[in-house]
Amino acid sequence: MTQSLTIPRPDDWHLHLRDGAMLQAVLPETARDFGRAIIMPNLVPPVVTGADAAAYRDRIMAALPEGMTFDPLMTLYLTEATDPADVRAAAESGLVKALKLYPAGATTNSASGVRDFDKVRPVLEIMAEIGLPLCVHGEVTDSDIDIFDREAVFIDRVLDPIRRATPGLRVVMEHITTSNGVDYVKANDRDLGATITTHHLIINRNHILVGGIKPHYYCLPVAKREEHRLALRAAATSGDARFFLGTDSAPHLDHLKEHACGCAGCFTATNTMPLLAHVFEEDGALDKLEGFASRNGPAFYGLPVNAETLTLVKSDTATAFPAKIDTPDGPVTVFDPGYPVHWSVQ
Ligand code: NCD
Ligand code: ZN
Ligand code: ZN
């Protein structure tokens, strides 16, 4: 028996495309299913100015295969040296859709991130004035804070004070991994949303560590206890418009993940939509997938829902996803949920 589900073409509100050969290899994996994506600026060196973002956007469009359509929504990496006038101009031209806050040292390529939040206050004030969202990697980096507690502590010590000090600032808590994140979003009616990744709906910390270490399940923020995964599932499938899809698909070459000091990031661009159909069906919420993947994100960012559609089909045989994507520098492993998935994109 074949079951099918047609939704407006989805968008990805948190995506790493990288640059050069990696960009070339991974871009089709996203553009095949998604209309738009918020493009993370953590290149080396990072995308910090409007001019950097314009040049990066051109490189993405040049890498797009003939016949595919895709609209990259650009972001700037917030540093202590970010110029408020440049931010205003880049936003008002329509090029830049958000700024990204990385606490210095929190994750992959975050060395240029913010240490002293007072230094970015003028930028945050302009953003509140013009309604430009701040996308936040919400983890403190203090060495005395346990890695599993870093999101919850960030909310109390950093995020809530920033939001109180900057009324009207619109914030997206990126890739939330805890019930604390879910609860904080639910307790705040205005100007706050959160992205949830595909993999954090599927794995908890046992999947990373039990029966041998699984480097391809390691990402930041690291997956937490099962009770947190269940809170994320409940939020994503609830229909609450403050929660939307940001895959955080983050490709790293296999030899750098399968390493004594392995990189953080799960690569989910290839199979996200079938995996989400599986997850939402399992929770009896297939009717909520459209909101999560196609409607809630554009609503938060003040953009129209895509006019095109995407059809997912479920068949009796399990879908054979590619295990790896090839790049000239080596393969990138595609996220494997560890169970058969019967959905595929038509
Ligand atoms: C991301 C990356 O590789 O750029 N890694 C990750 O584990 N999520 C960075 C990030 O989003 O924090
Ligand atoms: Zn992040
Ligand atoms: Zn990310």
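From a predicted model like this one, the values you see are computed outputs, not experimental measurements. (Residues numbered from 1 in each chain as written. Chains lettered and ligands numbered in written order. Predicted model: local features only at pLDDT ≥ 70, side-chain atom pairs only at ≥ 80, totals over all residues. Heavy atoms only, no water.)

**Here's the deal with the pairing of strand β5 (residues 96-101)**
Here is the rule we go by: Categorising residues by exposure relies on relative accessible area from a 1.4 Å probe, with only protein chains included: less than 20% of the type maximum marks a residue as buried, more than 50% marks it as exposed, and the intermediate range marks it as partly exposed. The numbering of helices and of strands both runs from the N terminus, where a helix is a DSSP run of H or I of at least 4 residues and a strand a run of E of at least 2. When the strands point away from the viewer, a crossover counts as right-handed if the route from the first strand across the helix to the second turns clockwise. Being paired, for any two strands, means DSSP has found at least two bridges between them.
Taken across its 6 residues, β5 has 5 buried, putting it largely inside the fold. On the question of chirality, the crossover connecting strand β4 (residues 71-77) to the parallel β5 by way of helix α3 (residues 84-92) is right-handed. As paired elements, β5 and strand β6 (residues 134-136) share 3 bridges and run parallel to each other. In the strand pairing of β6, Leu101 is matched with Val136.

**Structural notes on the sheet that holds strand β10 (residues 309-314)**
Put simply, the rule is: Angles here are taken between N-to-C directions and fall from 0 to 180 degrees, while the axes themselves are lines fitted to C-alpha atoms, restricted in helices to the stretch in contact.
With antiparallel pairing, the 3 strands of this open sheet are ordered in space as β1-β10-β13. Bordering the open sheet on either side are β1 (3-8) and β13 (343-345), each of which pairs with just one other strand. On average, adjacent strands in this sheet sit at an angle of 25° to one another, irrespective of strand direction. In this sheet, β13 lies alongside β10 in antiparallel orientation, the contact comprising 3 bridges.

**Overview of the packing of helix α6 (residues 179-186) against helix α8 (residues 226-236)**
Convention followed: Residues are treated as being in contact if the distance between any of their heavy atoms lies within 4.5 Å.
Following both chains from N to C, one finds α6 and α8 inclined at 35°, their axes separated by 8 Å at the closest point. On the side of α6, the interface is formed by Ser179, Asn180 and Val182, while α8 contributes His228, Ala231, Leu232 and Ala235.

**A look at the coordination of the zinc ion (ligand 2)**
What counts, and what does not: Distances up to 2.8 Å from the metal define which N, O and S atoms are donors, and 3.2 Å serves for Na, K and Ca; water is absent from the atom set, so sites may look incomplete.
Only His137 (ND1) and His175 (NE2) from the protein coordinate the zinc ion (ligand 2), and they sit 2.0 to 2.1 Å from it. Separating the zinc ion (ligand 2) from the zinc ion (ligand 3) is a distance of 3.8 Å. Placement of His137 in the loop between β6 and α5 (150-165) and of His175 in the loop between β7 (171-173) and α6 is noted, with a sequence separation of 38 residues between them. Here His137 matches His175 in class, with each residue buried.

**A look at the packing of α5 against α6**
The criterion, for reference: By the definition adopted for this analysis, an angle is roughly parallel if under 35 degrees, roughly antiparallel if over 145, roughly perpendicular if from 65 to 115, and oblique otherwise. Should the near helix be turned counterclockwise from the far one by less than a right angle, the crossing is left-handed, whereas a clockwise turn marks it as right-handed. Charged residues are taken to be Asp, Glu, Lys and Arg, nonpolar residues to be Ala, Val, Leu, Ile, Met, Phe, Trp, Tyr, Cys and Pro, and polar residues to be all remaining types, Gly included.
The geometry of α5 relative to α6 is characterised by a closest axis approach of 9 Å and an angle of 25° between their N-to-C directions. Overall, the two elements α5 and α6 adopt an arrangement that is roughly parallel. With respect to the hand of their crossing, α5 and α6 are arranged in right-handed fashion. Seen from α5, the contacting residues are Glu151, Ala152, Ile155, Leu159, Asp160 and Arg163; seen from α6, they are Asn180, Gly181 and Tyr184. Split by residue class, the contact of α5 with α6 holds 4 nonpolar, 2 polar and 3 charged.

**Topic: the site of ligand 1**
Quick reminder of the rule: We define proximity as follows: a residue is near a molecule or strand when any one of its heavy atoms falls within 4 Å of that partner. Any pair of nitrogen or oxygen atoms within 3.5 Å is treated as a polar contact; in protein, a donor-acceptor pairing is required on top of that, and neighbouring residues in sequence qualify only through side-chain atoms on both sides. Residue burial considers only the protein chains on display, and all accessible areas are found by Shrake-Rupley using a 1.4 Å probe.
The environment of ligand 1 is made up of 15 residues, and the closest members are Arg18, Thr107, Leu220, Asp248 and His252. Between an oxygen atom of ligand 1 and a side-chain N or O atom of His137, the distance comes to 3.0 Å. Here Leu220 contributes a backbone N or O atom positioned 2.7 Å from an oxygen atom of ligand 1. Burial of ligand 1 by the protein amounts to 100% of the accessible area it has alone, namely 320 Å².

**Concerning the packing of aromatic side chains**
In plain terms, the rule: By convention, a stacked pair of Phe, Tyr or Trp rings (six-membered ring in the case of Trp) has centres within 6.5 Å and planes under 30 degrees apart, an edge-to-face pair has planes over 60 apart, and any other such pair is tilted.
This structure, assessed with the given rule, holds 8 aromatic pairs. Taking 4.8 Å as the distance between ring centres and 15° as the angle between the ring planes, the aromatic pair formed by Trp13 and Tyr301 counts as stacked. Taken together, the positions of Trp13 in strand β2 (residues 12-15) and Tyr301 in helix α11 (residues 289-301) put the pair 288 residues apart, joining distant regions of the chain. Here Trp13 matches Tyr301 in class, with each residue buried. Both rings, one in Tyr77 and one in Tyr102, keep their centres 5.0 Å apart while their planes meet at 35°; by these two values the pair is tilted.

**As for helix α10 (residues 272-282)**
Most of α10 sits inside the fold, with 9 of its 11 residues counted as buried. Where α10 is concerned, the buried positions are Thr272, Met273, Pro274, Leu275, Leu276, Ala277, His278, Val279 and Phe280. Buried residues in α10 make contact with β1, α8, β9 (243-245), α11, β10 and β13. Note on α10: the residue one or two positions beyond its end, Gly284, has a positive phi of about 65°.

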